[in-house]
Amino acid sequence: MGVCMGDATQDTGFDLVVVGAGIVGLAAAYAARCQGLRVAVVERQARSVGASVRNFGFVTVTGQRAGEHWRRALRTREVWGEVAPRAGIAVLQHGLCVLAQRPEAMAVLEAFATTEMGQACELLTAAGTAQRYPFLGQGVGALYSPHECRVESREAIPLLARWLQEDMGVVFYWNTAVQGIDLPVIDTSRGRLRARCCIVCPGHDLNSLFPEETARAKARLCTLQMLRVKPVQPLALPAPVMSDLSLVRYEGYAALPQAQALHARLLQERPEHLRQGVHLIAVQSADGSLVVGDSHVYDGAEAPFAHAATDELILQELQRVLPMPGLQVLERWTGTYASADDVVFKSSPAPGVAVGIVTGGTGASTGFAFAEELLALALA
């Protein structure tokens, strides 16, 4: 996947050119091929190396912003279910367990369960939680959601790209930078392409193409820290796990009135976690290791240096929720995504051109549905 799969040395015609091979770009290519369009994907790197391969691979439905974005997550989970087996992508976990460690958190979960988004979710008592999930730390109850699924991002994204090329007929131009778009012409560092439409999926690169458009998103860059850890004693985690800190970050919970009391208590008990934007997601990989995180620091540029103190905050929360003495850290890394008050940004700076960014850090969870919106915008 690291070599250029096409050579734009002469005018080459497509119905659609997609700029960017992250999850949104690949999803746009898939949506277009489902409509029978001739599609090319242009990516300036040798492979996908951005936020799409550095995340949990956790397709999170429960807790997304209510309304349109929650529906995007439902649709995206549905498409993952269609695409994953065809592309050879293993779905490693299903569902979600949110452990309530405080009565205020349980009140949030109880309120959430009464909303539209709580449909099919199950509230567990403290005793019920201990019986079903005996490996969890102390809690007052939990919410189980059946809606989620989890893939290994660093494997899933390359597999998706390979399947789109080999089985779906998408042409890929790797190591190729797009230098200008004036349809039907797309100028690249390897030559000229021609297309009826173009979808630009820049991720956190807000300055290369249509910077005047992406500036309208009013986005900052969010840098996060994540880890892969290995339990000394084998642990079978049937579903991804979240905790109280997640309930004041994910808008589907945090927007509920009951979340105010939880936030006030966490300000007293976990002020540094809140300051660093730390909450807990723990997912399990095929080898038994866990991917855990994460933190959120916002600035005008990516923060290139990770801090051991922030990793320690994440590990502290992990040990409260999943006590595992002697845990070994296998990997540490940072991720970056564009963040704004809205959860997505899309615009059409010229006829036939759509620009789209997931600005809420939920590309894996909502990217397939959002890409369908971008395709409709480009074809309008």
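Just so it is clear, the model here is predicted, and its values are computed rather than measured.

1. A word on the domain arrangement of the protein
Then, in step 1: Taken domain by domain, the protein comprises domain 1 (13-57 + 152-218 + 341-379) and domain 2 (94-149 + 220-339).
Then, in step 2: Each of domain 1 and domain 2 was reduced to a C-alpha centroid, and the two centroids are 30 Å apart.
Then, in step 3: Facing the 17 residues of domain 1 at the interface are 22 residues of domain 2.
Then, in step 4: When the two sides are added together, the surface that domain 1 and domain 2 hide from each other amounts to roughly 1500 Å², 55% of it contributed by carbon and sulfur.

2. Some thoughts on the packing of aromatic side chains
Then, in step 1: The tally for this structure, following the rule as stated, stands at seven aromatic pairs.
Then, in step 2: Between Tyr133 and Phe135 the ring centres are 6.1 Å apart and the planes differ by 70°, which places this aromatic pair in the edge-to-face class.
Then, in step 3: Using a relative accessible area of 6% as the deciding quantity, one classes Tyr133 as buried.
Then, in step 4: Note on Phe135: relative accessible area 21%, which makes it partly exposed.
Then, in step 5: The structure contains a cluster of three or more aromatic residues connected by ring pairs, namely Tyr30, Trp80, Trp163 and Phe368.
Then, in step 6: Seen from the ring of Tyr144, Arg132 lies directly overhead, with NZ or CZ sitting 5.7 Å from the centre.
Then, in step 7: Lying across the ring of Trp333, Arg154 places its NZ or CZ 5.3 Å from the centre.

3. Observations concerning the UniProt feature "domain: FAD dependent oxidoreductase" (unreviewed entry) in the protein
Then, in step 1: Feature annotation in UniProt assigns "domain: FAD dependent oxidoreductase" (unreviewed entry) to the following positions: residues 15-374.
Then, in step 2: Here residues 15-374 is 34% helix and 29% strand, with 14 Å between the C-alpha atoms at its ends.

4. What about helix 1 (residues 23-34)?
Then, in step 1: Helix length check: helix 1 (12 residues) gives 16 Å between terminal C-alpha atoms against 16 Å at 1.5 Å per residue, within 8%.
Then, in step 2: Among the 12 residues that make up helix 1, 10 are buried, leaving the element largely enclosed by the rest of the structure.
Then, in step 3: Count one or two residues on from helix 1 and you reach Gly36, which has phi positive near 80°.

5. What about the confidence of the model for the protein?
Then, in step 1: When the pLDDT values of the protein are averaged, the result is 94; 97% of them are 70 or greater.
Then, in step 2: Per-residue pLDDT stays below 50 along residues 1-11; that stretch engages in 30 contacts with residues further than four places along the chain or on separate chains.

6. Re the pairing of strand 9 (residues 185-188)
Then, in step 1: Across four bridges, the pairing between strand 8 (residues 178-182) and strand 9 is antiparallel. Bridge assignment links Val178 to a residue of strand 9, and that residue is Thr188.
Then, in step 2: Where strand 8 folds back on strand 9, the antiparallel hairpin that results is connected by two residues.
Then, in step 3: Alignment of strand 9 against strand 10 (residues 191-200), held across four bridges, turns out to be antiparallel. Within strand 10, the position partnered with Val185 by the bridge is Arg194.
Then, in step 4: Hairpin connection from strand 9 to strand 10: two residues lie between these consecutive antiparallel strands.

Definitions and cut-offs
Residues numbered from 1 in each chain as written. Predicted model: local features only at pLDDT ≥ 70, side-chain atom pairs only at ≥ 80, totals over all residues. Heavy atoms only, no water. Domains from an automatic or database assignment. Contact = heavy atoms within 4.5 Å. Buried area = accessible area lost by both parts, 1.4 Å probe. Phe/Tyr/Trp six-rings, centres within 6.5 Å; stacked < 30°, edge-to-face > 60°. Buried < 20%, exposed > 50% of the residue type's maximum accessible area, 1.4 Å probe, protein only. Lys NZ or Arg CZ within 6 Å of the ring centre and 35° of its normal. UniProt positions renumbered as here; feature names shortened; annotations may be inferred. Helix = DSSP H or I, 4+ residues; strand = E, 2+ residues; numbered from the N terminus. Expected span 1.5 Å × (residues − 1). pLDDT = per-residue confidence, 0-100. Pairing = 2+ DSSP bridges.

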